[in-house]
Amino acid sequence: MNFLRFAVRRLLEMAVTLLGASFVVFGAMYLAPGNPASFLLGGRSASPAALEAIEKQYHLDDPFFAQYFRWLGNVLQGDFGRSLQYRTDVSELLASRLPTTMLLVGMALLIVVVLGLALGRFGAVRGGAADTTVLVGTTFAIGTPSFVAAILLQGLFAVQLGWFPSSGSGSGEGFGSMVWHLTLPAVALALYLVGLLARVTRSAMLEAMEGEHVAVARSRGVPERHIIRRHVFRNALGPVLTTAGLIVSTLLVCTVLVESAFSVGGIGQLLERAATTKDFPTVQAISLIIIGIFMTVNFVVDLLLPLVDPRITLGARSKA
Amino acid sequence: MTAPAPAPAPAPASTPAPAGAAALIRRPGLARVRAKRAPLYVASLVFVGLVVLLALLAPWIAPHDPNTADLGNALAPPSGEHLLGTDAAGRDTLSRLLVGARTSLLGPLGVVVLSTLLGAAVGVAAGWRGGWLDSLLSRGSELTLAFPGLLLAILIVAVYGEGLMAPVVALSVAYFPYVSRLTRSLVLAERERPYVAAYKVQGHSGLQICLRHVVPNIAPVVLAQSTVNFGYALIDLAGLSFLGLGVPALTPDWGRMVFDGKSAIQSGYPLSAVIPCAAIILTVVAFNVVGERWADKVAGRKR
């Protein structure tokens, strides 16, 4: 299939799914018990005048779909409405917190990619006791929720040993300080995914090693390191790449847990506060952003897969 | 009609089934994760049994009332009176751990039961009928897959407020596509098998073949998947409790205990937070190991 046509088709599919997601995110508010105006006031009792003002501000008298499309139109222009708790525009709230979360997610992603690939490769190549160690280790990594990892790391390295600060993001004190503050949160965030990626890498490499081309290369005396790098690892990259969307979305969602454990003032902690205080416009905005990023990553992966592994035809994954 | 049921035929690993038919669909990428060593499996099985037993017996074996606060005895180290010490409010950690096992296991159980029923129904319908129903259901589950479970749960809890019911329903909705995709691919592979054609020739109705023969044949694989999902549901629900969005404040729950122990750990008394952390990790690992092992067994795969 033509590459461009495939890209356009996937893009349209993505738009449809995003539209559905935005509908769910917006419609969820209407599932709330009671009337939307009092819900928007966070259940606080309000004077009839205040209720009326809210109804007017949010156009609650309009039909549902009119409201939905008005909201969607605003969102497309980057306007997520006003936060009920902070009394400022949600987009401003997000903009001020985004750098911290992006740094945190970036650091965690780096750990996941470097450590996950290395461990998986190590286990697959060495075999034996090394492989068993990797297997058992990743079993526990996968079974450790990120907030549990956060609390345990905090207790050990921040409180008992005092090597790292136990909370805050260090923003405003320079980049180095931020990295120092975010190291423990990043490790906690990365742990589960390191286990996952190591597992995927390991089994993909083991599968690639059974290929006949590897046996042929060995019989012809190609150096083992060369075989592993060029013929095994390279072939294993396909399955590894397909986990990218999952990795990024898990990282983003789990920032909620890790940021509240370490009081990192990023998007995650904002989402937690917003959910607790029923600040719905903020919850809607963050949910949409996370879903949007997840789908964008998946889209890019779908386009990249045939480049990494030419045997894969375009769109093979979405049909599987 | 007592036609002998066909030999239970799990997903044919040897035949070149369509992609994903023989392989379990789990969280994408986790498809090949599996336990290898038997000792770990046996230990996990024993641990799962033990945790379930303790949770069932909790009200009778808990040494103290899990909610009786004793501020004069806060953050006490382990002693004869309090075997695992007390938390920041002076409540007995062991009792809260035992009673908390009930909520911590009941929630994931609800998620697994709901998502399995929903997912199996949708998957069987999509796989057996095909056509427009299939594409409609596939689109629907694709949309749900875009919502990470925890995010959907947070969204729902933000609307409905805390409690156990809303998160359980939200997570069931978030998890069912994993079950339905698996079920659908299994049904698609099963439909092509000769015994289905044989029953058709004998004049059995499609519904009867599907419910009496196809569903029992694919059930073990689906149940293994659900066991794996149990661990994930436990993680997500405990995470919600940790955010203060899950169970109500006083209910003993492992995630809530970690949340309550947060300030204690920051002031240098890690015990009351570390114990529920250990309980969560061990339980999740045990369920994962058991689930993966069953999955390997019923799918007849090696390694």
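Residues numbered from 1 in each chain as written. Chains lettered and ligands numbered in written order. Predicted model: local features only at pLDDT ≥ 70, side-chain atom pairs only at ≥ 80, totals over all residues. Heavy atoms only, no water.

Enquirer: For this particular structure, what's the right way to read unusual backbone geometry?
Expert: Residues and elements named next belong to chain A. Its identity is not glycine, yet Ser263 carries a phi of approximately 50 degrees, on the positive side. Examined against the element boundaries, Ser263 turns out to sit in the loop between α11 (244–262) and α12 (267–276). Looking at Ser263, the relative accessible area reads 37%, which means it is partly exposed. (Helix = DSSP H or I, 4+ residues; strand = E, 2+ residues; numbered from the N terminus. Buried < 20%, exposed > 50% of the residue type's maximum accessible area, 1.4 Å probe, protein only.)

Enquirer: In this structure, what is going on with the domain arrangement of chain A? I would like to understand it.
Expert: Note: interface size is frequently given as the accessible area lost on complex formation between the parts. Residues and elements named next belong to chain A. According to the domain assignment, chain A contains domain 1 (2–76) and domain 2 (90–319). Computed from C-alpha coordinates alone, the two centres of domain 1 and domain 2 are separated by 31 Å. The interface of domain 1 with domain 2 comprises 19 residues on the first partner and 16 residues on the second. Viewed at the interface, domain 2 and domain 1 are joined by one salt bridge. A salt bridge links Arg10 to Asp302; its shortest N-O distance comes to 2.7 Å. At the junction of domain 1 and domain 2, the tally comes to two residue pairs in polar contact (both at pLDDT 80 or more). Partitioning the side of domain 1 that touches domain 2 into residue classes produces 15 nonpolar, three polar and one charged. (Domains from an automatic or database assignment. Contact = heavy atoms within 4.5 Å. Salt bridge = Lys/Arg side-chain N within 4 Å of Asp/Glu carboxyl O. Polar contact = N/O pair within 3.5 Å; in protein donor to acceptor, adjacent residues only side chain to side chain. Nonpolar A, V, L, I, M, F, W, Y, C, P; charged D, E, K, R; others polar.)

Enquirer: Hey, could you run me through the nonpolar core in this one?
Expert: Across soluble globular proteins, nonpolar side chains have a tendency to be buried as a group. If you look at the biggest cluster of nonpolar residues, it comprises 147 residues, and the most contacted ones within it are Ile154 and Ile280 of chain B. With 18 residues, the single largest contributor to this core is helix α8 (residues 175–209) of chain A. Residue contributions to this core reach at least three from each of two domains, namely domain 1 (2–76) and domain 2 (90–319) of chain A. Beyond its immediate chain neighbours, meaning those up to four positions away, Ile280 of chain B contacts Pro145, Phe147 and Val148 of chain A together with Leu234, Ala238, Trp254, Gly255 and Val258 of chain B. The next biggest cluster of nonpolar side chains, apart from the first, holds 15 residues, and it includes Val124, Tyr195, Cys210 and Val214 of chain B. (Core = buried A, V, L, I, M, F, W, Y, C linked by side-chain atoms within 4.5 Å.)

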